[in-house]
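Chain residues, written in single-letter form:
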Amino acid sequence: MPKKKANRRRPAKKRKPAEEDGYKRPSLISLFLFWPYHVVGYTTRNWPAVLRRPLKLGALGITLGFISFLLMAAFYAARAMPYNMADIRVMPARSVVLDRYEQEIGRLHGENRSIIPLAQVAPVFQDALLAREDKRFRSHFGVDPFGVARSIIENIKRRSLAQGSSTITMQLARNSFDLRSQTLEDLKVPGAFIELDRKFLEIAVSFRIEANHTKDEILESYINRIFWGHSYRGVETAAQNYFGKPASELTLSEAAMLAGIIRGPNAFTPHRYPDKAKRERDSTLDSMVRYGFITAGEAEAAKRAPLRIKPITTTKTGWSFNIISAELEEVLPRKALNQGGLTIITTLDATLQKITEQELESQLASIERRPGYRHPTREQWKRNPAGAPPYLEGSVVLLDTRTGAVRAVAGGRNLEESQFNRAKNTNRQIGSTFKPFVFLAAYEEGLLPESWVKDTPVSTGEVPGARAGWPQNADGKYYELIRTKDALIQSRNASTVRVGTFAGLDKVIKVARSAGLLAPPTEDPTFYLGNAQASPWQLAAAYTTFPNEGSRVRPYLIDRILDAEGEVLWKTAPLKQVVSRPEPAAMVHNLLKEATISGTSASMRSTYGFREPAGGKTGTTNDYKDAWFVGYTSSLTGAVWVGLDQPATIIDRGYGGTLALPIWARIMRKATALRTTAGDHRYPTGEMEPDLVYQRAQLCRISGKRATQGCHHAGTAYSDYVPENSLPAANDFCPVHPIRAEPVSGNSGGGQSPVLVRPNTPPPIQRAIPVEEEPLRAIPVE
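Residues numbered from 1 in each chain as written. Predicted model: local features only at pLDDT ≥ 70, side-chain atom pairs only at ≥ 80, totals over all residues. Heavy atoms only, no water.

S.K.: Go over the overall build of the protein chain with me, naming the residues and quoting the values.
M.R.: Counting secondary structure elements, the protein chain contains 27 helices and 18 strands. Burial analysis of the protein chain (782 residues in total) assigns 51% to the buried set. When contacts within the protein chain are restricted to residue pairs at least 6 apart in sequence, long-range pairs at least 24 apart make up 70% of them. By element, 53% of the accessible surface of the protein chain is carried by carbon and sulfur atoms, the whole surface being about 38,300 Å². (Helix = DSSP H or I, 4+ residues; strand = E, 2+ residues; numbered from the N terminus. Buried < 20%, exposed > 50% of the residue type's maximum accessible area, 1.4 Å probe, protein only. Contact = heavy atoms within 4.5 Å. Areas by Shrake-Rupley, 256 points an atom, 1.4 Å probe, with all protein chains shown as cover.)

S.K.: With reference to specific residues and values, describe helix 16 (residues 350-368).
M.R.: For helix 16, with 19 residues, the first-to-last C-alpha span of 27 Å sits near the 27 Å given by 1.5 Å per residue. Here helix 16 starts with a cap whose side-chain oxygen sits 3.0 Å from the backbone nitrogen of T351, and that cap is D349. (Expected span 1.5 Å × (residues − 1). Polar contact = N/O pair within 3.5 Å; in protein donor to acceptor, adjacent residues only side chain to side chain.)

S.K.: Requested: an account of the packing of helix 11 (residues 252-260) against helix 12 (residues 274-290), with residues and values cited.
M.R.: Two numbers describe a pair of packed helices, the interaxial angle and the distance between the axes. At their nearest, the axes of helix 11 and helix 12 sit 7 Å apart, and the two run at 105 degrees to each other. Judged by the inter-axis angle, helix 11 sits roughly perpendicular to helix 12. Residue-level inspection shows L252, S253, A256, M257, A259 and G260 of helix 11 in contact with helix 12, the latter providing A277, E280, R281, T284, L285 and M288. Of the residues contributing to the contact of helix 11 with helix 12, the split by class is seven nonpolar, three polar and two charged. (Axes fitted to C-alpha atoms, helices over the stretch in contact; angles between N-to-C directions. Parallel < 35°, antiparallel > 145°, perpendicular 65-115°, else oblique. Nonpolar A, V, L, I, M, F, W, Y, C, P; charged D, E, K, R; others polar.)

S.K.: Account for the packing of helix 4 (residues 123-133) against helix 9 (residues 215-225), with residues named and values stated.
M.R.: Direction vectors running N to C along helix 4 and helix 9 enclose 90 degrees, while the axes themselves pass 12 Å from each other. Relative to helix 9, the element helix 4 lies roughly perpendicular. On helix 9, the residues that touch F125, Q126, L129, L130 and E133 of helix 4 are L219, Y222 and I223. Residue classes in the contact of helix 4 with helix 9 are distributed as six nonpolar, one polar and one charged.

S.K.: Give me helix 23 (residues 582-598): which residues, what numbers.
M.R.: A rise of 1.5 Å per residue sets the reference length of helix 23, with its 17 residues, at 24 Å; its end C-alpha atoms lie 24 Å apart and thus fit the reference within 8%. The buried fraction of helix 23 is high, at twelve of 17 residues. Residues of helix 23 that are buried: E583, P584, A585, A586, M587, V588, H589, L591, L592, K593, A595 and T596.

S.K.: Requested: an account of the sheet that holds strand 2 (residues 104-108), with residues and values cited.
M.R.: Sheet strands pair via backbone hydrogen bonds, and the direction of the pair is either parallel or antiparallel. Ordered by their spatial adjacency, five strands build an open sheet running 2-1-3-11-12, and the pairing between neighbours is mixed. Whereas interior strands pair on both sides, the edge strands pair on one side only; in this sheet they are strand 2 and strand 12 (568-571). Recorded for the sheet is a direction-independent mean angle of 20 degrees between the axes of neighbouring strands. Strand contacts of helix 14 (residues 321-331): strand 1 (95-98), strand 2, strand 3 (343-346), strand 11 (558-562) and strand 12, with the helix running at about 60 degrees to strand 2, the strand carrying the most contacts. (Pairing = 2+ DSSP bridges.)

S.K.: Report on the environment of V97, specifying residues and quantitative values.
M.R.: Note that V97 resides in strand 1. For V97, a relative accessible area of 0% corresponds to the buried category. Between the C-alpha atom of V97 and that of I344, which follows or precedes it by 247 residues, the distance is 4.8 Å. Contact partners of V97, with chain neighbours within four places excluded, come to Q103, E104, I105, G106, R107, L108, F321, I324, I344 and T346.

S.K.: Kindly report on the sheet that holds strand 4 (residues 393-400), identifying the contributing residues and their values.
M.R.: Reading across from one edge, 5-4-16-15-14 is the order of the five strands in this open sheet, with antiparallel pairing throughout. Of all the strands in the sheet, just strand 5 (406-410) and strand 14 (615-620) have a single pairing partner and so form its edges. Averaged over all pairs of adjacent strands, the angle between strand axes in this sheet comes to 5 degrees, irrespective of strand direction. Pairing of strand 15 (residues 626-632) with strand 16 (residues 636-643) involves seven bridges; the strand directions are antiparallel. The residue of strand 16 that forms the bridge with W628 is W641. Along the sheet face, helix 23 touches strand 14 and strand 15 and points at about 75 degrees away from the line of strand 14. Along the sheet face, helix 26 (residues 661-673) touches strand 4, strand 14, strand 15 and strand 16 and points at about 145 degrees away from the line of strand 16.

S.K.: Run through the nonpolar core, naming residues and quoting values.
M.R.: Counting residues in hydrophobic clusters, the biggest one holds 79 residues, and the most contacted among them are I324, L328, F434, F437 and L517. Take this core: its biggest share by element is seven residues, from helix 18 (residues 435-444). In this structure, L328 is in contact with L108, H109, L337, I344, I558 and I561, ignoring residues within four places of it in sequence. By size, the runner-up hydrophobic cluster in this structure holds 53 residues, among which are Y242, A277, I294 and L307. (Core = buried A, V, L, I, M, F, W, Y, C linked by side-chain atoms within 4.5 Å.)

S.K.: Can you lay out the pairing of strand 4 for me, pointing to particular residues and giving the numbers?
M.R.: For strand 4, a buried count of eight out of eight residues is recorded, marking the element as mostly surrounded by other parts of the structure. Covered by surrounding structure in strand 4 are E393, S395, V397 and L399 together with G394, V396, L398 and D400, the residues of both alternating faces. Strand direction decides the pairing type here: strand 4 and strand 16, joined by eight bridges, are antiparallel. In the sheet register, E393 faces strand 16, and the bridge partner there is G643. Pairing analysis gives four bridges linking strand 4 to strand 5, with the strands arranged antiparallel. Across the sheet, L399 pairs through a bridge with V406, a residue of strand 5. In sequence, strand 4 turns back onto strand 5 through a hairpin of five residues, with G404 there showing a positive phi of about 90 degrees.

S.K.: So what about unusual backbone geometry? Which residues, and what values?
M.R.: With the exception of glycine, the majority of residues adopt a negative phi angle, and the majority of peptide bonds are in the trans configuration. Looking along the chain, the bond that leaves W470 and enters P471 is cis, with omega of 0 degrees. At E102, a position not held by glycine, the phi torsion is positive, near 65 degrees. Inspection of the secondary structure assignment puts E102 in the loop between strand 1 and strand 2. Classification of E102 as partly exposed rests on a relative accessible area of 47%. One non-glycine residue, R653, lies in the positive phi region at around 60 degrees. Tracing the sequence through the fold places R653 in the loop between strand 16 and helix 25 (656-659). Taking relative accessible area as the criterion, R653 reaches 52% and is therefore assigned exposed.

S.K.: Summarise a nonpolar patch on the surface; cite the residues concerned and give the values.
M.R.: On the surface, W47, V50, L51 and L55 cluster together into a nonpolar patch covering about 400 Å² of accessible area. One can find L55 in helix 3 (residues 49-80). (Patch = residues over 30% accessible without salt bridge, like charges linked within 9 Å, V, L, I, M, F, W, Y side chains within 5 Å. Salt bridge = Lys/Arg side-chain N within 4 Å of Asp/Glu carboxyl O.)

S.K.: Summarise the environment of A512; cite the residues concerned and give the values.
M.R.: Here A512 is to be found in helix 21 (residues 505-514). Each C-alpha atom, one on A512 and one on A542, is 8.4 Å from the other, the two residues being 30 residues apart in sequence. Other than its neighbours up to four places away in sequence, A512 contacts F434, L517 and F527.

S.K.: How would you sum up the pattern of salt bridges? Please name residues and give values.
M.R.: Applying the stated criterion to the full structure yields 47 salt bridges. In this structure, R233 engages E111 in a salt bridge whose closest nitrogen and oxygen atoms are separated by 3.7 Å. Linking R233 in the loop between helix 9 and helix 10 (235-243) with E111 in the loop between strand 2 and helix 4, this pair joins segments that are 122 residues apart in sequence. One network of salt bridges, with partners in common, ties together R174, R180, E195, R198, K199 and E202.

S.K.: Report on the environment of P389, specifying residues and quantitative values.
M.R.: Following the sequence through the fold, P389 ends up in the loop between helix 17 (378-383) and strand 4. Classification of P389 by relative accessible area gives buried; the value is 10%. Residues contacting P389, with those up to four places away along its chain left out, are W381, E417, S418 and D645.

This is the structure:
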């Protein structure tokens, strides 16, 4: 038998330690951080070096990239934390300005944006927007991985950064926050790196937006914030300015166009490039078909639909808006103004404003057509509009007589042709419209309307600072004596100077300043005749002194301010300032009413047909350079100025009563016809009787004191009803006629002992020879 071979077992091959295989056991930290690299290294430890080393290098690169990604993610997540996610829904919007009846008259501050909820946006626009900008918006988490991959491939093909991959959320982040690094810009880092840094931060912020807001909230914020060319921000403003309709009424064709021009709103604006806008519309419609939002037939029909683009219109802000802005800055912080979104309810009446502007233009145009008018007309300038308009200008201010609320303001003929607001910002000599304040000062000092005063040019030394033979009366007529009431009603210059002298220059200046006429006066007798300067705004407010028993109102334009939630932020309270005692103001008030019946303002009724109770005064400056009228009813006080910006004679004999008064009268006629929605008169007129107690007394026309038998003998005594508080004391008798020093019988203190005049009694008006007839019927002095 053959010998059996012994069953020998081959000894097992001993494994080399890992270190001998070229694999070094890592530390725990290294294993934790670079585990992909170590897994590949361990797996390929016995592989040939030619295979093992590239794989290990690749794994190392992937590991380092992953770690870098984690570090960058943490870094940009930390940088994204300070941004307030609530701010994406807070965006500047223009504040809406309403008139007193809450009719919109314009917008102020902020950006040209109207914020609306998503529910007020046509669904077809939402579809067009998603098809054009971000078709996977509803499913991604702020960043679209497929979009990123597509853009990378396209950019590689084109060898440029020609295509982005921004989602709607990323665009919202970019438009809501300033994401550029100021540090990198200060370090002069190349722009490509700064842009890359901004992109990474944009992604991080987008994740936070998605985590803090719903998709509808993100979409609503986006469509209200985005820029649509020109100054339009938000879909509502874009729809209104491009198509003249709200966003809720957009058609498929219009919606596709708006969505299409987002990427280049100024480059594709239909106002300038209608063909480009149509091309973008058609491209958007194709995308909507591709992604299943509409059918091909609907797209073709929309492409055939004409785009009816609304012409560009300039927003008319009105003459009052600069004044409103100034008032806003006084009551609200700058940040609130810039943010906008407020509702500003003004005191203006949009209907009355339109009437005011129309009547101003109508009258000035008619003056330019008169024979003898030698200046360029507006029509001539419009044919060659070079430089500042040289044509005739004017301005009007209308206030609520009792409160000072501004109802209308026109600073010129046309705001687009000249932005200078002559109603508020011009100061011109006011002529005879100043005279009521001279008489107010004199009546404060004890003079009375029935007192006599000379109405002849002054003689040497009679009036300090006045030359002999001055001043001239406008009609060339003079009277030996005239009642002070007639001096104002008929606007007599010579007698007015004497009335002012009685009051004293300092007293007249004090009254003028209290009335708000603050321009530095010329401290000589010409001041009494209106060489002071003022604006229509100031003069209208000053005249409210007379119907308000000695207190003038402060003009204001803002009634109240509401925030975006409708809460009241500010409410204006009417303010008044005391100018004089009620009695002197009531005296002047009665004379200004009479001036509209039988005085220099009587054409208001006889020629221009305004017959309601009113008071007023005309004014004309030297050489007919300025024409004024200031008047009031129980509801409205208005100042009208007519003149040239470069002072010059308007037209020969261009009086305030013929140039300015007609504007006031025509405005008031139409204003009194306006009614509220309830049918009530907006501006009712009624008798304006001061609430004073009157007492009948015997007085002297020369001194204004209690009449004596001497006054009666001289023919200067008269009986009149006088405000009780303006009467001289019962024992304050006339110092000019102290014959027997006995009072006249009747309500004049009869039966009392005669009283001598004290040495400190104010000097009487210059004594003149009394005449028997009424002063205005006296024989004129040659």
